[in-house]
Amino acid sequence: MFKFNRRTFVGTTAASAAGILLGNTLSGFTDKEDSETAAAPIKKVDLMAEVRKYRKIDSHAHFGLAGATNASNLSYADRLGIDKLVISKPMAPGSPGLPEEFRACNDAIIGAVKAHPDRFMGQLTLNPTYKKESMEEIKRCTDLGFTGMKLYNHVKINDPLFYPIIEKFIDLKLIILMHSPIGKARIKYNAREPKNISIPEDFVDIAKRYPEAMFQFAHTAGGIDWEDACKALQHSPNVYVDLSGSNNIANMVEFALRYIGEDRLFFGCDNSFYQGVGHIISAKMTEAQRKKIFFDNYNNILRKAGKNVD
Amino acid sequence: MLIDSNAYIGHWPFLQLKYNNFPALSERMQEFGTDISVVSSLNGIFYKNTQFANEELSEEIRSKKAYQSRFIPFAVINPIYNGWREDFETSVNKLGMKGIRLHPIYHGYELDNPACIELVKMARDRDIPVALSLRMVDSRPSSWLDVEKEWTLANVMPIVRAVPDAKYMIVNLANSLVLDEKDTALLKKSKVIMDTSGRNLLDLGSLLKTFGTDKFCFGTHSPVLDYCTGLLRIESLRNDEANEQTKEMLRSGNLRSFLNL
């Protein structure tokens with residue numbers, strides 16, 4: 001059944017090399033029947049030109065996790081035209097979460113940002129169980145120019161322990177990025193998730209309590225039921241959603257656009273760089289929407305504290 | 001030239017798909033410059049009688065001349081369902097299928113099942129490629145009605161060991177690609193080609209060195225995965241990882257050789 005059309009192949013590749021959109025004359029379909037019924041010629045696409053067309057802020061990147069180094073992060077970023085990476089090193093899930101642990105994590109980020117201040121922006125981590133030490137850490141890190149906070153799952157985002165931390169971040173006009181879980185697809189979250197994992201409903205709850213605060217719901221592509229999560233978060237205007245993660249299932253971005261909207265979505269990779277860029281380029285949206293998601297939305301958040309890129 | 005080695009039409013029962021019919025897939029191909037797509041039917045995963053899915057696929061391709069030069073159909077065959085030998089013969093001889101897709105996780109058999117081995121030997125004898133996907137969807141957010149099992153590359157090796165001279169397409173390399181020394185050597189010398197759609201292709205440049213530049217080809221796993229990421233992994237390779245000639249082999253050359261196009 002499959003008929004390899006050598007005329008099409010020769011026509012398209014020759015013209016592609018010259019960057020010419022084929023007309024019927026060049027396509028090889030010279031007879032009437034072919035020109036009416038055969039495949040339209042395919043124009044070669046310069047994918048990397050399309051990728052590089054957009055400025056990008058990766059709103060969710062890590063250093064010191066899963067082998068991520070300055071060199072590896074910059075290698076991917078340079079390859080894919082990512083201008084800035086917002087990096088963090090949250091404490092390992094299930095760790096005691098002691099002050100010395102979060103300080104060490106933040107020290108690592110301080111070092112990474114210091115090495116490449118033109119490319120990396122730092123996010124601190126902490127454990128609100130240790131209020132005094134956490135408040136001190138916020139001061140230490142923000143004095144050094146940190147632009148936000150990234151948290152794992154030691155304490156739920158809507159736990160009262162977080163209230164003073166959130167209030168401090170409201171004052172600082174900085175965003176709070178909180179991890180989200182894997183699963184729910186089989187009615188319940190993945191068995192390995194700890195009891196303090198923040199689920200979408202927790203974000204809804206805390207966002208309502210603190211409408212002035214800015215929260216970032218982590219990685220729709222990180223393994224959560226993204227449809228369920230987006231629907232939960234659709235009416236929480238101060239919850240922003242990053243599209244990072246390894247699950248580049250088709251239509252996730254379009255779905256998030258429908259339920260979250262073009263002003264509350266962030267480009268991010270969570271170190272799955274190809275998927276992070278690829279599914280936004282692949283998604284059906286306007287150029288203006290893509291520009292917002294790749295760059296403007298996050299830059300507008302940074303602007304609130306005067307930390308915007310341009 | 002650009003050939004997508006891993007596309008589908010049809011439905012996924014637990015998720016709304018777009019671009020899952022020939023007009024929409026053709027539009028995607030135009031948009032991203034894909035000349036030809038290897039395509040099989042998602043319905044073949046869910047129909048008990050997979051042959052109906054193959055017939056639907058064939059009919060649709062035959063319905064338009066343009067499709068016949070743009071799509072290379074692969075038949076879904078279930079070797080533990082009665083009539084599979086006839087399904088294979090009909091698909092190859094009458095429906096114009098150029099390869100077969102196996103879905104052991106969904107159809108409920110292991111790759112070392114004697115019927116599976118027999119089918120793969122039949123395919124080998126006709127120079128028909130056998131395609132296997134390490135997973136169809138990410139099991140983490142998938143439906144509570146969907147399968148939970150996924151494969152690593154090592155899980156495919158029993159059939160490669162059993163029929164080492166068959167042609168294999170391994171797609172959606174979503175999980176570990178670690179093989180022991182013996183299996184790595186076997187895979188390298190076998191007629192195996194792997195697509196670029198899977199999430200575990202973190203460093204295609206290194207994989208080209210490990211397995212060989214002839215072992216990879218462009219694939220989207222569309223419309224399940226986004227259309228672009230598999231291509232991005234190729235197009236963003238640096239010159240020291242792949243020169244233009246190697247990139248062209250990844251875009252289409254390797255697959256053209258593999259499929260005798």
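Here the structure is a predicted model, which means the values were calculated and not measured.

The rules behind the values
Residues numbered from 1 in each chain as written. Chains lettered and ligands numbered in written order. Predicted model: local features only at pLDDT ≥ 70, side-chain atom pairs only at ≥ 80, totals over all residues. Heavy atoms only, no water. Buried < 20%, exposed > 50% of the residue type's maximum accessible area, 1.4 Å probe, protein only. Helix = DSSP H or I, 4+ residues; strand = E, 2+ residues; numbered from the N terminus. Pairing = 2+ DSSP bridges. Right-handed = clockwise from strand over helix to strand, strands pointing away. Contact = heavy atoms within 4.5 Å. Buried area = accessible area lost by both parts, 1.4 Å probe. Salt bridge = Lys/Arg side-chain N within 4 Å of Asp/Glu carboxyl O. Polar contact = N/O pair within 3.5 Å; in protein donor to acceptor, adjacent residues only side chain to side chain. Nonpolar A, V, L, I, M, F, W, Y, C, P; charged D, E, K, R; others polar.

**Q** Would you explain the pairing of strand β6 (residues 167–171) of chain B in this entry?
**A** In the case of a regular strand, side chains alternate between the two sheet surfaces. Residue and element names in this part refer to chain B. Summarising burial for β6: five of the five residues are buried, a large majority. Neither face of β6 is left uncovered, since the one carrying Lys 167, Met 169 and Val 171 and the one carrying Tyr 168 and Ile 170 both have all their residues buried. In this structure, strand β5 (residues 130–133) lies alongside β6, joined through four bridges in parallel fashion. Opposite Ser 133, over in β6, you have Val 171 as the bridge partner. Once you follow β5 into helix α8 (residues 157–162) and on to β6, the crossover reads as right-handed. On the question of chirality, the crossover connecting β6 to the parallel strand β7 (residues 191–195) by way of helix α9 (residues 181–189) is right-handed.

**Q** Explain the interface of chain B and chain A here, please?
**A** Quite often, the size of an interface is put as the accessible area lost when its parts meet. Across the contact, 61 residues belong to chain B and 57 residues belong to chain A. Among the residues chain B hides against chain A, the three largest losses belong to B:Lys65, B:Arg140 and B:Leu232. Together they make up 13% of the total. The interface formed by chain B and chain A holds three salt bridges in total. A salt bridge links A:Lys284 to B:Glu27; its shortest N-O distance comes to 2.9 Å. Joining chain B to chain A, the criterion identifies 14 residue pairs in polar contact (both at pLDDT 80 or more). Only α1 (22–32), α3 (50–62), α4 (65–70), β3 (71–76), α11 (229–235) and α12 (244–258) of chain B provide two or more residues apiece to the side of chain B that touches chain A. Examining the composition of the side of chain B that touches chain A, we find that six residues originate from one element, α1(B), more than from any other. Here the side of chain B that touches chain A is built from residues that sort into 27 nonpolar, 13 polar and 21 charged.

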